[in-house]
Amino acid sequence: PDVLQKIAILPPDALNSAPPAMTQQKPYNQVLHLMGEQTGFRIKAFKTAFEELCKFQQSNASFESPTRDGNGKQKKKRTLSPQLSLTQKNLLRWTLSEYRMEAISRIRK
């Protein structure tokens, strides 16, 4: 067998997003790279993703039987937010917020 038929060259971000995520995260990245990030930033990211999953589950739990809104229309199932809301835009916003607080704290010491 030809060895080259068994080898695939993957893009650099196929298995892990390129760091830092707040500037490098792409809409198609399925894995978020948080190595080296501060604890507050990691907590915000994990909490956001977990809350997104909980909202999705809670919202769609009642769809075992058709449900209707106040106007009699059948409610649509809620879909998950892209990347569980861990988009580059949100990551950058949280970075500025979290690292700002840390910088102020260190300056005051």
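On a predicted model such as this, the values are computed, not experimentally measured, just so you know.

Chemist: Before we go on, may I ask you to explain the side chain of Gln 83 in this structure?
Modeler: Along the polypeptide, Gln 83 turns up in the loop between α2 (39–60) and α3 (88–108). Within the structure, the side chain of Gln 83 is placed 2.9 Å from the backbone oxygen of Asn 29, a separation counted as a polar contact. The contact partners of Gln 83, leaving out residues within four places of it in the chain, are Gln 25, Lys 26, Pro 27, Tyr 28 and Asn 29.

Chemist: Can you walk me through unusual backbone geometry in this structure?
Modeler: For residues besides glycine, phi is generally negative; the peptide bonds are generally trans as well. In the segment running from Pro 19 into Pro 20, the intervening peptide bond is cis, with an omega of -10°. Following the sequence through the fold, Pro 20 ends up in the segment before α1 (21–24). Positioned with a positive phi, Leu 84 is a non-glycine residue whose angle comes to about 55°. Relative to the helices and strands, Leu 84 resides in the loop between α2 and α3. With phi around 70°, Ser 85 is a residue other than glycine that occupies positive phi space. By the secondary structure assignment, Ser 85 is in the loop between α2 and α3. Given the relative accessible area of 17%, Ser 85 is considered buried.

Chemist: Help me understand a nonpolar patch on the surface, please; the structure alone is not making it clear to me.
Modeler: On the surface, a nonpolar cluster with roughly 480 Å² of combined accessible area is contributed by Val 3, Leu 4, Ile 7 and Ile 9. Among the structural elements, Ile 9 can be located in the segment before α1. Relative accessible area serves as the criterion here: at 79%, Ile 9 is assigned to the exposed category.

The rules behind these values
Residues numbered from 1 in each chain as written. Predicted model: local features only at pLDDT ≥ 70, side-chain atom pairs only at ≥ 80, totals over all residues. Heavy atoms only, no water. Helix = DSSP H or I, 4+ residues; strand = E, 2+ residues; numbered from the N terminus. Polar contact = N/O pair within 3.5 Å; in protein donor to acceptor, adjacent residues only side chain to side chain. Contact = heavy atoms within 4.5 Å. Buried < 20%, exposed > 50% of the residue type's maximum accessible area, 1.4 Å probe, protein only. Patch = residues over 30% accessible without salt bridge, like charges linked within 9 Å, V, L, I, M, F, W, Y side chains within 5 Å. Areas by Shrake-Rupley, 256 points an atom, 1.4 Å probe, with all protein chains shown as cover. Salt bridge = Lys/Arg side-chain N within 4 Å of Asp/Glu carboxyl O.

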